[in-house]
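# Overview (structure and organization)
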Amino acid sequence: MKKVLVVEDDMAIQTLLKYNLEQAGYQVKTVADGKQGYELAKTKNYDFILLDIMLPQMDGLEITKSLRQDKVTTPILIITARDQEIDKIIGLELGADDYLTKPFSPREVIARLKAISRRLPQEESVPAVKTSTEVYEFPDFTIDLDQVKVLQNGQPVQLTPKEFELLAYFVKRPGRVLSREKLLNGIWGYDYVGQTRMIDMHVSHLREKIEPDPKKPRYIETLRGFGYRFNGDVDEDA
């Protein structure tokens, strides 16, 4: 049973989420205090985090930033009011995976969680025979698209779902110049006109995790004025 942590100080919304998520088969823990929510989220005992932005003690944006700095990759859905457009963008820049705008329907929440689940590794009760060719090997890392895994020197690299999607998008399009707008549409599917800095933030995070020297990237190249290009033919002796 998937576990969901709901950090929301509006008791009506908290009750609505808890009831409907439990009806859909999720195990739900609810808290109204941001600092308590952060401490619970750090335990990594949850499969999803639903996180309001306006919270007592510690706001949702600070929680998101701190969790990602703590290497907690649990998917985060931030909850915002309709007039908090800038908070949505900042939340996504800091590492949230998606957002929900109040008012929202419980059906929409469940649909978002299921969409994220499809991008995460699935537990298997018996060993599976590896038949996929969706494995890309590079001198510094290997990415397995089917198993949703990235390895570096045989050790797993902890990526958030969006970071993994971004890396997968790059490796499947080597050598192509990809504008920030194209990456936004391809990964998030939203129309964030003028909000391309979110891509720069995620690329920066990704470089920190896969590049030998993030300040001199050999895989994800920046083309000023155009966007990014993935270099899949790096020289191993470079």
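Remember, it's a predicted structure, so these values are computed and weren't measured experimentally. (Residues numbered from 1 in each chain as written. Predicted model: local features only at pLDDT ≥ 70, side-chain atom pairs only at ≥ 80, totals over all residues. Heavy atoms only, no water.)

The strands making up a sheet associate through hydrogen bonds between their backbones, and the pairing can be parallel or antiparallel. On the basis of which strands lie adjacent, the open sheet formed by three strands has the order E10-E12-E11 and antiparallel pairing. Every other strand in the sheet has two partners, leaving strand E10 (177–178) and strand E11 (220–223) as the edge strands with one partner each. Bridge count for E11 against strand E12 (residues 227–230) is four bridges, and the pairing is antiparallel. Residue pairing for E12: Leu 223 is matched across the bridge by Gly 227. Strand contacts of helix H6 (residues 161–171): E10, E11 and E12, with the helix running at about 70° to E12, the strand carrying the most contacts. (Pairing = 2+ DSSP bridges. Helix = DSSP H or I, 4+ residues; strand = E, 2+ residues; numbered from the N terminus. Contact = heavy atoms within 4.5 Å. Axes fitted to C-alpha atoms, helices over the stretch in contact; angles between N-to-C directions.)

A few words on the side chain of Glu 8. Mapped onto the fold, Glu 8 is located in the loop between strand E1 (3–7) and helix H1 (11–23). We classify Glu 8 as buried; its relative accessible area is 0%. Excluding anything up to four places from it in sequence, Glu 8 contacts Ile 13, Gln 14, Val 31, Ala 32, Asp 52, Leu 55, Ile 79 and Lys 102. (Buried < 20%, exposed > 50% of the residue type's maximum accessible area, 1.4 Å probe, protein only.)

With that settled, the discussion passes to the pairing of strand E4 (residues 76–80). Extensive coverage of E4 is indicated by the burial of five of its five residues. In this fold, the crossover linking strand E3 (residues 48–52) to E4 by way of helix H3 (residues 60–69) has right-handed handedness. Bridging between E4 and strand E5 (residues 98–101) involves four bridges; their strand directions are parallel. Note on E5: the bridge partner recorded for Thr 80 is Thr 101. (Right-handed = clockwise from strand over helix to strand, strands pointing away.)

Quick look at the pairing of strand E8 (residues 149–152) now. Pairing geometry for strand E7 (residues 142–144) and E8, over three bridges, is antiparallel. Pairing of Ile 143 across the sheet is with Val 150, part of E8. The pairing of E8 with strand E9 (residues 155–156) spans two bridges and is antiparallel. Looking at the pairing, Leu 151 lines up with Pro 156 of E9. Joining the antiparallel neighbours E8 and E9 is a turn of two residues, in which Asn 153 adopts a positive phi near 55°.

With that out of the way, let us pick up the packing of H6 against helix H7 (residues 180–187). Close contact between H6 and H7 brings their axes to 10 Å; oriented N to C, the two are set at 120°. One element, H6, and the other, H7, form an angle in the oblique class. In the crossing of H6 with H7, the sense of the turn from one axis to the other is right-handed. Within the contact between the two elements, H6 uses Lys 162, Glu 165, Leu 166, Tyr 169 and Phe 170 and H7 uses Lys 182, Leu 183, Gly 186 and Ile 187. (Parallel < 35°, antiparallel > 145°, perpendicular 65-115°, else oblique. Left-handed = near helix turned anticlockwise from the far one by under 90°.)

Going through the model one piece at a time under the given rule, you end up with seven aromatic pairs. Ring geometry for Phe 138 and Tyr 219: centres 5.9 Å apart, planes at 75°, overall edge-to-face. One end of the pair, Phe 138, is in the loop between strand E6 (135–137) and E7; the other, Tyr 219, is in the loop between helix H8 (197–210) and E11, and 81 residues separate them in sequence. According to the relative accessible area criterion, Phe 138 is buried, its value standing at 13%. When the ring of Phe 170 is compared with that of Phe 230, the centres are 6.4 Å apart and the planes differ by 25°; the resulting orientation is stacked. With a gap of 60 residues between them, Phe 170 in helix H6 and Phe 230 in strand E12 connect regions that are remote in the sequence. (Phe/Tyr/Trp six-rings, centres within 6.5 Å; stacked < 30°, edge-to-face > 60°.)

It is worth spelling out the environment of Phe 164 at this point. With respect to the element layout, Phe 164 can be found in helix H6. Overall, Phe 164 belongs to the buried group, its relative accessible area being 10%. Apart from the residues lying within four places of it in its own chain, the contact partners of Phe 164 are Ile 143, Asp 144, Leu 145, Val 148, Lys 149, Val 150 and Leu 159.

Looking only at helix H2 (residues 34–42), the buried set comprises Gly 34, Gly 37, Tyr 38 and Ala 41. The arc that holds the buried residues of H2, viewed along the axis, is 100°, so those residues lie on one side. On the buried face of H2, the contacting elements are E1, strand E2 (27–31), E3 and H3. Where H2 begins, the capping side chain belongs to Asp 33, and its oxygen is found 2.9 Å from the backbone nitrogen of Lys 35. Lys 44 sits one or two positions beyond H2 and adopts a positive phi of about 60°. (Arc of directions from axis to C-beta. Polar contact = N/O pair within 3.5 Å; in protein donor to acceptor, adjacent residues only side chain to side chain.)

This is a description of form; function is not addressed.
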